[in-house]
Amino acid sequence: MELVLETRKLVKEYGSRGMVFTALDGIDLKVYKGEFLGIMGPSGAGKTTLLNVLSTIDKPTSGDILYEGKSILNMKNKELSIFRRNNIGFLFQDFNLLDSMSVEDNIALPLALSKVNVKEIKEKVSKFSEFFGLKNHLKKYPYQLSGGQKQRVAAARAIITSPSIVFADEPTGSLDSKSSQELLQCLLRMNEELNTTIIMVTHDPFAASYCKRILYLKDGKIHARLDKDSTRKEFFKRIIDFVGSMGGGVSELL
Amino acid sequence: MYLMAMIFSVATYYNFVSIRYNPQFLETKDMSIYVKSSSMTASLLMILFLIFFIMYSSNFFLNQRKKEIGIYAFMGIDNYKIAFIFASEGLLLGIMSLAIGLFLGILFNKLFLMLLAKAALLNMRIDFFISKNAIVETVIVYSIVLLIAFLKGYFNIIRTNLIDLMNTLKKTEEFPKINYLKGFCSIIIIGVAYYIAVNYGKFGFGNALLWTVILVIIGTYWLFGSFLSMIIRYFIKRKKFLYIGTNIVSFSNIAFRIKDNYRTFAAVAVLITTCITSFGTVSSIRYFVDENHKIEVPYTVTYISSNGEVIEKVDEILKNSNHKVELIEKANFLFDLEPQRVVVKLSTFQKILSDLNVKDKDKIISKIGQLDKEVAYVERPGVVMNMLEMKEVKIGGNAYKIKAQLKVPLFGSGVPYPCAIVSDEEYDILKLKLEEKQFNGIILDNPENTEDLTYKLAEILPPEARLYTYFIAGATLYDLVGIVYFLGAFLFLVFVFATGSIIYFKILSESFKDKGKYEILKKLGTTDTELKESVSKQVGLFFIMPLIVGIIHSIVAISVLSDLMRYSLIIPTVISISIFIIVYGIFYMFTRRKYINVVESQA
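The structure reproduced in this document is the subject of the present report. (Residues numbered from 1 in each chain as written. Chains lettered and ligands numbered in written order. Predicted model: local features only at pLDDT ≥ 70, side-chain atom pairs only at ≥ 80, totals over all residues.)

Considerations on the overall build of chain A
Phase 1: The secondary structure content of chain A amounts to 9 helices and 10 strands.
Phase 2: Taking 254 residues into account, the globule formula puts the C-alpha radius of gyration at 18 Å, and chain A, at 18 Å, falls close to it.
Phase 3: Evaluated residue by residue, chain A yields a buried proportion of 46% over its 254 residues.
Phase 4: Restricting to contacts in chain A with at least 6 residues of sequence separation, those with at least 24 account for 69%. (Helix = DSSP H or I, 4+ residues; strand = E, 2+ residues; numbered from the N terminus. Rg over C-alpha atoms; globule rule 2.2 N^0.38 Å. Buried ≥ 20, exposed ≤ 12 C-beta atoms within 10 Å, placed from the backbone. Contact = placed C-beta atoms within 7 Å.)

Set out below in structure tokens:
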């Protein structure tokens, strides 16, 4: 299998000398093409930090991050931005759509910034809007859409550049359960039909049960790892049992 | 920035007022009335600007700090107390800028008056002078304005609800709807306004002016309210254009905000028009006066006399002076008393034109051609504007049609009357009814040093000879024009400053709203260069749209003016527009940098 992302002894520390807080403590990670990886863990375990570092928004204190075998740590600011635009897609909890643009323009934004040929942009926009069931909403503006629709727009924007990886940070965090389910179905289809590599950070065992593999983070370290081997329902049960066994009770972590 | 603008305006206001109380300026009696009235106008304009500016900026600050106010309110401090704290803060800032502004105003007062005197070509000594009256007046006026601002801020805060305070910046905005009817109407209204302005003759000047101003203002508001949205919307629909780099960001932002901003756009466009037009006018007048000098003073010395003895004496004096005679022009003319007017033969006119080597003389001569029962009419030297279109003149009881109205050098201001040029035959007929006189004009080298010569000639020439020299010409009109020009230019500067500040504050409040958008863009992988490019475009569009409209308005206004003056004012227009663009451009750079700082700073 093709290796997309690899980290070696990734460490991230916050604060100055004497008051150091270690958010990531030597993470070794390998992500292969077509994976749907979930990252779980209690608050403060370093999930979001890990995501930020992996997605090049933040820089690690030490260690290395390799994309398709190439290190990204010695890239300059500008290179990094362009790399991010072309190779990484994002889904955020609060959607992060630009409310001044129509759905169509929001989806087209990353390609427009890269000055891709207009015809090609239009083709891709129509292809992905169909994929995510947004065909009838292209001319609308984000404030006219429901949360689930907004997150699907964000998903379309995330994969329009055909990135090597899509990062999703609590994508279901501000959605109701029905919209959550719809969105997770979309992500699953993205993963299965388009062979998109997805890394999703989540609290929610239900959301996590859509993943193929789950890493459980605690105190900046990979504490455990769960692989999906049966149906989603059984996997869901295993996750709940596991989270329960980690102490603190299920209800706190749900 | 706020403090700077306030201090600047206080200092300026003090200076304008102090002119009125300056003893040296008051001594020059004949000038004092002009000085007083222009000082009044200038200070009144300053007050208007100040009221506008303070209201605007206090609103801006309030919006910026609503969250802070909200937190205080949340902690249980009642609205009255919060309002008092915030309004007092504004008051304190105001008092501070008043004090600093007054100090700087007094400090630079001498410099200001010296510049004024220099511009007005007044030969006077300016002493350092502190005017108590001016200080008192400045303090009173500012205190009133500040008090009003204080009360307004106070009541503004009292009236706000907690929920609004917490959510100000988060308020979801909706995409504006477009009123197509208004959009097209705005173009028509502006077109009508232009039509009225250009054809002021038909509607009467006062009427035309009033209606043009009203229609242009309405049209401009609608233009920015609707028509501009239509244009921007068009660009947004044209994906071929939109999907090129950062266009997508800048244009979407502008389109989205246009509803909030169109009033500012329109106000700025009107201000720009006022700015350029007023500066264009004063510099046109100055330019015109310079040009007109040739018409008013084509000769170094002129007098009217056919007495051989007198002429000989004058020639004698000229010969003994250290000047060289370059041209002696002698011409006969008829003098009509009711109304006062001179009549000249066509052949004499042609000879004078070629002797003076007037620009385009062949064109003028061929334009007149042969006259029959017609005349060519030369404006009185020194006429700045002519609002009447004449069709016919009566000379010596006979009516003549006017074939052409001209502005050319002829006798100069020594004979300060309009002149009718008639055919040689008609001249001979009119000669029987009107008195004939002889005009003598002499051109010397070094026309500047004719003071002594003027006094010598004045001794021997009788008053009816109407002695007029280069020296006399210099002493009358030009100092007044100098003052007008200086104050005009100064007001221009103040208004540019006002315009710039308004846009600056508006765009800055935009930048806080757009911060979130740019943060998203950064996360999506927008490089810093692209971010800057996008901001430059957005801010640039913001600056350029009112500029274009303002320039078009003012070009129309100045072209009407040039029609009134019968003079091409292209050069002063170009100069005033370019000066404006330069100053405006500096504001753009400044605003752009600030915007980028806001957007790039961490939340």
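Let's pick the thread back up.
Comments concerning the overall build of chain B
Phase 1: Each helix and strand in chain B was counted, giving 21 helices and 9 strands.
Phase 2: Put simply, of all contacts in chain B between residues at least 6 apart along the chain, 84% involve residues at least 24 apart.

Section: the environment of Ile88(A)
Residue and element names in this part refer to chain A.
Phase 1: With respect to the helices and strands, isoleucine 88 occurs in strand β6 (residues 88–91).
Phase 2: Under the C-beta neighbour-count criterion, isoleucine 88 is labelled buried, with 24 such atoms within 10 Å.
Phase 3: Setting aside its immediate chain neighbours within four residues, isoleucine 88 contacts Ser55, Thr56, Pro163, Ile165 and Phe167.

Thoughts on the sheet that holds strand β6 (residues 398–406) of chain B
Residues and elements named next belong to chain B.
Phase 1: Spatial ordering of the open sheet is given by β5-β6-β4-β7-β3-β2-β8-β1-β9, a layout of 9 strands whose pairing is mixed. A strand with exactly one partner marks an edge of an open sheet, and here the two such strands are β5 (392–395) and β9 (468–469).
Phase 2: Docked against the sheet, helix α16 (residues 424–431) engages β2 (325–336), β3 (341–345), β5, β7 (419–422) and β8 (435–444), running at close to 130° with respect to β3. (Pairing = 2+ DSSP bridges. Axes fitted to C-alpha atoms, helices over the stretch in contact; angles between N-to-C directions.)

Some remarks on the interface of chain B and chain A
Phase 1: If you look at the interface, chain B gives 25 residues, while chain A gives 25 residues.
Phase 2: Counting only elements with at least two residues in the side of chain B that touches chain A, the list comes to α11 (239–242), α12 (247–296), α19 (478–523) and α20 (528–565) of chain B.
Phase 3: Top contributing element to the side of chain B that touches chain A by residue count: α12(B), with 4 residues.
Phase 4: Looking at the side of chain B that touches chain A residue by residue, the classes come out as 8 nonpolar, 9 polar and 8 charged. (Nonpolar A, V, L, I, M, F, W, Y, C, P; charged D, E, K, R; others polar.)

Examining the pairing of β3(B)
Residue and element names in this part refer to chain B.
Phase 1: Of all 5 residues in β3, 4 are buried; the element is thus mostly enclosed.
Phase 2: Sheet topology places β2 next to β3; 3 bridges connect them, and they run antiparallel. Bridge pairing in β3 places leucine 334 opposite valine 343.
Phase 3: Taking the residues between adjacent antiparallel strands as the criterion, β2 and β3 are bridged by 4 residues.
Phase 4: As judged from the 4 bridges shared by β3 and β7, these two strands associate in the parallel manner. When the bridges of β7 are listed, lysine 345 appears paired with valine 422.

So, the sheet that holds strand β8 (residues 198–201) of chain A
All names here are of chain A.
Phase 1: If you walk across this open sheet you meet the 6 strands as β6-β7-β8-β3-β9-β10, and the pairing is mixed. Single-partner strands in this sheet number two, and they are β6 and β10 (221–227). In this sheet, neighbouring strand axes are inclined to one another by 20° on average, regardless of whether the strands run parallel or antiparallel.
Phase 2: The pairing of strand β3 (residues 36–40) with strand β9 (residues 213–218) spans 4 bridges and is classified as parallel.

Examining unusual backbone geometry
Most peptide bonds adopt trans geometry, and most residues besides glycine take a negative phi value.
Residues and elements named next belong to chain A.
Phase 1: The phi torsion at glutamate 68 lies on the positive side, around 45°, for a residue other than glycine.
Phase 2: Looking at the element boundaries, glutamate 68 is found in the loop between β4 (62–67) and β5 (70–71).
Phase 3: Phi is positive for phenylalanine 95, which is not a glycine, with a value near 65°.
Phase 4: Considering the arrangement of structural elements, one finds phenylalanine 95 in the loop between β6 and α3 (103–113).
Phase 5: Taking the C-beta count within 10 Å as the criterion, phenylalanine 95 has 24 such neighbours and is therefore assigned buried.

Thoughts on the nonpolar core
Phase 1: Ala156(A), Phe167(A), Ile198(A), Ile199(A), Val10(B) and Cys275(B) are the most contacted members of the largest nonpolar core, which has 174 residues in total.
Phase 2: Residue contributions to this core peak at 23 residues, all from α12(B).
Phase 3: When residues are assigned to domains, this core turns out to be shared by domain 1 (1–171) and domain 2 (173–296 + 478–603) of chain B, each giving three or more.
Phase 4: Val10(B) has contacts with Ser97(B), Leu98(B), Gly101(B), Leu102(B), Gly105(B), Thr138(B) and Tyr142(B), leaving out every residue within four places of it along the chain.
Phase 5: Formed by 40 residues, the second largest nonpolar core is a distinct cluster that contains Tyr299(B), Ala376(B), Val378(B) and Ile421(B). (Core = buried A, V, L, I, M, F, W, Y, C linked by C-beta atoms within 7 Å. Domains from an automatic or database assignment.)

Topic: helix α10 (residues 205–237) of chain B
Phase 1: Its 33 residues place the ends of α10(B) 44 Å apart at the C-alpha level, agreeing with the 48 Å of an ideal helix rising 1.5 Å per residue.
Phase 2: Of all the bends in α10(B), the largest measures some 45° and sits at Leu223(B). (Expected span 1.5 Å × (residues − 1). Bend = angle between axes of the 7 residues up to and from the residue.)

Some words on the packing of α12(B) against helix α21 (residues 570–600) of chain B
Residue and element names in this part refer to chain B.
Phase 1: Contact pair α12 / α21: the axes reach a minimum separation of 9 Å and the direction vectors enclose 140°. As the angle between them shows, α12 and α21 are arranged oblique. For the pair α12 and α21, the crossing hand works out as right-handed. Contact with α12, carried on its side by Cys275, Ile276, Phe279, Gly280, Ser283, Ser284 and Tyr287, involves Ile571, Pro572, Thr573, Ile575, Ser576, Ile577 and Phe580 of α21 and no other residues of that element. (Parallel < 35°, antiparallel > 145°, perpendicular 65-115°, else oblique. Left-handed = near helix turned anticlockwise from the far one by under 90°.)

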